[in-house]
Amino acid sequence: MTGSPYRGKDDNDILLRAATGRIQFVATAVDLQEQGYLAQSEIIFHSFNMVSDLISYEYKDAIVLNAERNQFVADLVRSITTRFESEGKPVPVMAISVQHIEHAEILAQMTGFVVYHGQLPTPVKAAIRSGLKDGSLRGIVATGVLTASADYPQLKIMIDASAFGSHSTLVQKKGRELRQWEAEIAEYHGIIDEFVGNY
């Protein structure tokens, strides 16, 4: 089975082919959304200006331990929460995606979310999944375990706090995660790091 952009038609269409002998099935993105296999979501980009002469280009320094960038993520969570509250709507369950456990722990402390990663004991992971389902958890900060385990249809807001080199890279990752989760994410927020200053 393969999925790739269907060239020559709408850019949102995906050509999905599963072949056995001469049998072939072709589905568009709309078909997959209607069947619940592909989440329909809005992608929102946020630019964060990184001052090049104040940080190192090492991932840990530039992303994980970057206090200003982490505050930017925490402020984004507050902004989303305030938006829903001001509209009189329930605040949806959120997930922040990161690459490192240390980063998850920092952002969890700043947001009040729960850390979720593959090294947690099985009963703890089960309790977190249960909390997401029953609504007792308002959000999680998770590593790649989120895209490699069970589906989480209750997640409505995804904030990707990992580093990206371009908008297209972010879109690609968003697509991969949503295909794996089969979740009903309404908004996908990605942070694009813009390096400014002296090179």
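These numbers come from a predicted model, not from an experiment.

Draft legend 1. Spatial organisation of the nonpolar core. With 22 residues, the main nonpolar core has V73, I80, I96, V98, L107, V141 and I159 as its most contacted residues. With five residues, helix α3 (residues 67–86) is the single largest residue contributor to this core. Among the nonpolar cores identified, the runner-up in size contains twelve residues, and V93, L132, L137 and M158 belong to it.

Draft legend 2. Helix α5 (residues 122–134), seen in detail. Under the 1.5 Å per step criterion, the end-to-end length of α5 is 18 Å for 13 residues, consistent within 8% with the ideal 18 Å. Contact partners of the buried residues in α5: β5 (93–97), β6 (114–116), β7 (139–142) and β8 (155–160). At the C-terminal side of α5, G135 shows a positive phi close to 85°.

Draft legend 3. Molecular detail of the confidence of the model for the chain. With 60% of its residues at a pLDDT of 70 or more, the chain shows a mean pLDDT of 75. pLDDT under 50 marks residues 1–8. Its contacts with residues more than four places away, or in other chains, come to 15 contacts.

Draft legend 4. Molecular detail of the pattern of salt bridges. One pass over the full model with this rule turns up four salt bridges. With its nearest N and O atoms 2.9 Å apart, the salt bridge here joins R78 to D75. Here D75 and R78 lie together in helix α3, a separation of three residues that amounts to about one turn. The partner of K89 in a salt bridge is E87, and the shortest N-O contact between them spans 3.3 Å.

Draft legend 5. Focus on the side chain of T111. Along the chain, T111 falls in helix α4 (residues 101–111). For T111, a relative accessible area of 11% translates into the label buried. Among the polar contacts made by the side chain of T111, one reaches the main-chain carbonyl oxygen of L107 at a distance of 2.8 Å. Excluding its chain neighbours within four sequence positions, the residues that come into contact with T111 are A74, V77, I96, R138 and V141.

Draft legend 6. Broad picture of the pairing of β5. Judged by how many residues are buried, β5 sits mostly within the fold: five of five residues are covered. Every second residue of β5 is oriented toward a common face, with V93, A95 and S97 on one face and M94 and I96 on the other, all of them buried. Relative to β8, β5 is paired through five bridges, and the arrangement is parallel. Bridge assignment links M94 to a residue of β8, and that residue is I157.

Draft legend 7. Spatial organisation of α3. Here α3 contains 20 residues, and its C-alpha end-to-end distance of 28 Å stays within 8% of the 28 Å for a straight helix at 1.5 Å per residue. Listed as buried for α3 are R69, N70, V73, A74, L76, V77, I80, T81 and F84. One side of α3 holds all its buried residues, which, seen down the axis, span an arc of 150°. More than 90 degrees from the buried face of α3, the exposed residues found are A67, E68, E85 and S86. Where α3 starts, the residue carrying a side-chain oxygen 3.2 Å from the main-chain nitrogen of E68 turns out to be N66. Backbone geometry just after α3 places G88 at a positive phi near 70°.

Draft legend 8. The packing of α3 against α4, seen in detail. Between α3 and α4, the shortest axis-to-axis distance is 10 Å and the interhelical angle comes to 45°. As the angle between them shows, α3 and α4 are arranged oblique. Considering the relative orientation of α3 and α4, their crossing is right-handed. The residues of α4 that touch α3, namely those facing R69, N70, Q71, V73, A74, V77 and R78, are H103, I106, L107, M110 and T111. For the contact of α3 with α4, the residue count by class is six nonpolar, four polar and two charged.

Calculation criteria
By convention here, each chain's residues receive numbers from 1 onward along its written sequence. Thresholds applied to this predicted model are a pLDDT of at least 70 for local features of residues and 80 or more for the giving and counting of side-chain atom pairs; totals over whole chains, interfaces and linings are not thresholded and use all residues. Hydrogens and water molecules were not included; the side-chain quantities draw on all heavy atoms of the structure. Each nonpolar core is a collection of buried residues, namely Ala, Val, Leu, Ile, Met, Phe, Trp, Tyr and Cys, held together in the definition by side-chain atoms within 4.5 Å. Partly exposed residues are those whose accessible area sits between 20% and 50% of the maximum for their type, while under 20% is buried and over 50% is exposed, using a 1.4 Å probe and protein chains only. Helix and strand assignments follow DSSP, with helices taken as H or I runs no shorter than four residues and strands as E runs no shorter than two, numbered in order from the N terminus. Here a helix's expected span is defined as the number of its residues, less one, multiplied by 1.5 Å. Whether two residues touch is decided by their heavy atoms; if any such pair falls within 4.5 Å, the residues are in contact. The quantity called pLDDT is the predictor's confidence in a given residue, expressed from 0 to 100. Here, a salt bridge means any side-chain nitrogen of Lys or Arg that lies within 4 Å of a carboxyl oxygen of Asp or Glu. Under the rule applied, a polar contact is a pair of N or O atoms within 3.5 Å (in protein, one hydrogen donor and one hydrogen acceptor; residues adjacent in sequence only if both atoms are side-chain atoms). Pairing between two strands is assigned when DSSP locates at least 2 bridges connecting them. Read the arc as the range of directions from the helix axis to the C-beta atoms. Simply put, an axis is a line fit to the C-alpha atoms, just over the touching stretch for a helix, and the angle between two N-to-C directions goes from 0 to 180 degrees. When describing relative orientation, an angle under 35 degrees is termed roughly parallel and one over 145 degrees roughly antiparallel, while 65 to 115 degrees is termed roughly perpendicular and anything else oblique. Here is the rule for handedness: rotate from the far helix to the near one, and if that takes an anticlockwise turn smaller than a right angle the crossing is left-handed, while a clockwise turn gives right-handed. Just so you know the grouping, Ala, Val, Leu, Ile, Met, Phe, Trp, Tyr, Cys and Pro go in nonpolar, Asp, Glu, Lys and Arg go in charged, and all remaining residues, Gly too, go in polar.

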